[in-house]
Amino acid sequence: MFGYIIINKGDMKFKEFDIYQSFYCGLCRSLKEKYGTLGQISLTYDMTFLVMLLSGLYEPATEEGTAKCIVHPFEKHMTRRNLFTDYAADMNVLFTYYKCRDDWKDDHKVTRLAYGKLMRNAYRKIRSDYGEKVKKLDCLMRELDVQERKNTDDIDKMSGLFGEIMAEMMAVRADEWEENLRIMGSYLGKYIYLLDAYEDIEDDIKENRYNPLKKRYENPDFDEEIKTILTMMMAGCSKEFEKLPIIENVEILRNILYSGVWYRYEAVREKRKHE
């Protein structure tokens, strides 16, 4: 369930994109330093949003620098890093580990099994560092797996579980903004879970894999129903976001929430129409 919390580059100013990219590159550096190449290849744009959201809310001291990478070995790139960069790196690796287990369970992908085994020590370190948070996430992931094995088609229940997972991840501190971040994470998690199911529905039916939308897929108004639900989820998420006192890079965050998250949806919708 990666690749949904992204920017709409066409609606961004060049300066805004450079800032966004610097946080992305900073996250890449943190992954490399903490977990080596194995951690670095797990990098996703999704966690860049988390870094920028928490940075804008709490305004920590942010270190600016430059770095080269394997992808761009001859050109230095600007990086921005702070304490939330390391937190997002840990969550990025944790969710990659979860996804490896899920991919092995669903499709028996040997490469994902192998990668998951290589990431096991990193998972154990993160579990040790974050204690109760990872215990809660582990429990929620297990419950999600149990319900999928039961072939549960209650989309409120299933998306709600992933919403709780995102809420736990986003609520980084027990403070006055915790509730807002949890509500925001809950809506965003529901959106991600349902959009992932919407994107995979045809393949899941063909391969006889679990998907909570299978019964709804037979409805002639399936596409409009899903769009309505997704719109409601992002409306709730955006409403909570606007309550947060974020000034720095707020337009980049709005680009993601109001436009970027719909980029993948539109691509899926167009593909379905074409087919």
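Analysis parameters
Residues numbered from 1 in each chain as written. Predicted model: local features only at pLDDT ≥ 70, side-chain atom pairs only at ≥ 80, totals over all residues. Heavy atoms only, no water. Helix = DSSP H or I, 4+ residues; strand = E, 2+ residues; numbered from the N terminus. Rg over C-alpha atoms; globule rule 2.2 N^0.38 Å. Buried < 20%, exposed > 50% of the residue type's maximum accessible area, 1.4 Å probe, protein only. Contact = heavy atoms within 4.5 Å. Phe/Tyr/Trp six-rings, centres within 6.5 Å; stacked < 30°, edge-to-face > 60°. Lys NZ or Arg CZ within 6 Å of the ring centre and 35° of its normal. Core = buried A, V, L, I, M, F, W, Y, C linked by side-chain atoms within 4.5 Å. Salt bridge = Lys/Arg side-chain N within 4 Å of Asp/Glu carboxyl O. Axes fitted to C-alpha atoms, helices over the stretch in contact; angles between N-to-C directions. Parallel < 35°, antiparallel > 145°, perpendicular 65-115°, else oblique. Nonpolar A, V, L, I, M, F, W, Y, C, P; charged D, E, K, R; others polar.

Participant: Help me get a handle on the overall build of the protein chain, residues and values and all.
Facilitator: Each helix and strand in the protein chain was counted, giving eleven helices and two strands. Taking 275 residues into account, the globule formula puts the C-alpha radius of gyration at 19 Å, and the protein chain, at 19 Å, falls close to it. Counting across all 275 residues of the protein chain, residues that qualify as buried make up 51%. Restricting to contacts in the protein chain with at least 6 residues of sequence separation, those with at least 24 account for 69%.

Participant: Lay out the side chain of N255 with the relevant residues and their values.
Facilitator: With respect to the helices, strands and loops of the structure, N255 is situated in helix α11 (residues 250-274). Residue classification places N255 among the buried positions, given a relative accessible area of 8%. Ignoring anything within four residues of it in the chain, the contact list for N255 reads I7, N8, D11, M12 and G260.

Participant: Tell me about unusual backbone geometry, residues and numbers included.
Facilitator: In this structure, E59 is a non-glycine residue whose phi angle is positive, near 50°. As for its position among the elements, E59 is in the loop between α2 (46-58) and β1 (63-67). In this model, N249 sits at a positive phi of 60°, which is unusual for a non-glycine residue. Looking at where N249 falls in the secondary structure, it is placed in the loop between α10 (222-241) and α11. By relative accessible area, which is 19% here, N249 ends up buried.

Participant: Give a description of the environment of S22 that names residues and reports values.
Facilitator: Along the polypeptide, S22 turns up in helix α1 (residues 14-40). For S22, a relative accessible area of 0% translates into the label buried. Measuring from C-alpha to C-alpha, the distance between S22 and T48 comes to 9.6 Å, with 26 residues separating the pair along the chain. Excluding anything up to four places from it in sequence, S22 contacts M78, T79 and R80.

Participant: So what about the packing of aromatic side chains? Which residues, and what values?
Facilitator: Enumeration over the complete set of coordinates arrives at twelve aromatic pairs. The interplanar angle of 80° and the centroid separation of 5.3 Å between the aromatic rings of Y191 and W262 together place this pair among those described as edge-to-face. Remark: W262 occurs in helix α11 and Y191 occurs in helix α8 (residues 178-206); sequence separation between them is 71 residues. Assessed through its relative accessible area of 1%, Y191 is described here as buried. Look at W262 and you get buried, because its relative accessible area is 17%. Aromatic side chains Y198 and Y265 sit 5.8 Å apart centroid to centroid with 25° between the ring planes, which places their arrangement in the stacked category. Here Y265 lies in helix α11 and Y198 lies in helix α8, a separation of 67 residues in the sequence. In this structure Y198 comes out as buried when scored by relative accessible area, which is 0%. Directly above the ring of F17 sits K9, whose terminal nitrogen or CZ lies 4.4 Å from the centroid. The cationic tip of K190 hangs over the ring face of Y187; the distance from NZ or CZ to the ring centre is 5.8 Å.

Participant: So, the nonpolar core: which residues are in play, and what are the values?
Facilitator: Across soluble globular proteins, nonpolar side chains have a tendency to be buried as a group. Residues F49 and L53 are the most contacted members of the largest nonpolar core, which totals 81 residues. A total of eleven residues in this core trace back to one element, the largest contributor, which is α8. Those residues in contact with L53 that sit more than four places away from it in its chain are M170, L181, M184, F241, L244, I246 and L253.

Participant: Pulling in residues and values, what's your account of the pattern of salt bridges?
Facilitator: Within the structure shown, the criterion is met by 17 salt bridges. Between D90 and K34 there is a salt bridge whose closest N-O contact spans 2.7 Å. Linking D90 in helix α3 (residues 83-107) with K34 in helix α1, this pair joins segments that are 56 residues apart in sequence. Take D90: its relative accessible area is 2%, and that puts it in the buried class. Given the relative accessible area of 34%, K34 is considered partly exposed. The residue E132 makes a salt bridge to K135 at a minimum N-O spacing of 3.7 Å. Linking E132 with K135, this pair stays in helix α6 (residues 132-149), spanning three residues, or about one helical turn. According to the relative accessible area criterion, K135 is partly exposed, its value standing at 49%. Sharing partners across several salt bridges, the network here consists of K133, E168, E178 and R182.

Participant: Can you tell me about the packing of α1 against α11, naming the residues and giving the values?
Facilitator: Axis separation between α1 and α11 bottoms out at 10 Å; the angle between their running directions is 85°. By the angle between their axes, α1 is roughly perpendicular relative to α11. Judged by residue contacts, E16, I19 and Y20 of α1 engage E251, I252 and I256 from α11. Across the contact of α1 with α11, the residue classes tally to four nonpolar, no polar and two charged.

Keep in mind these numbers describe shape, not what the thing actually does.
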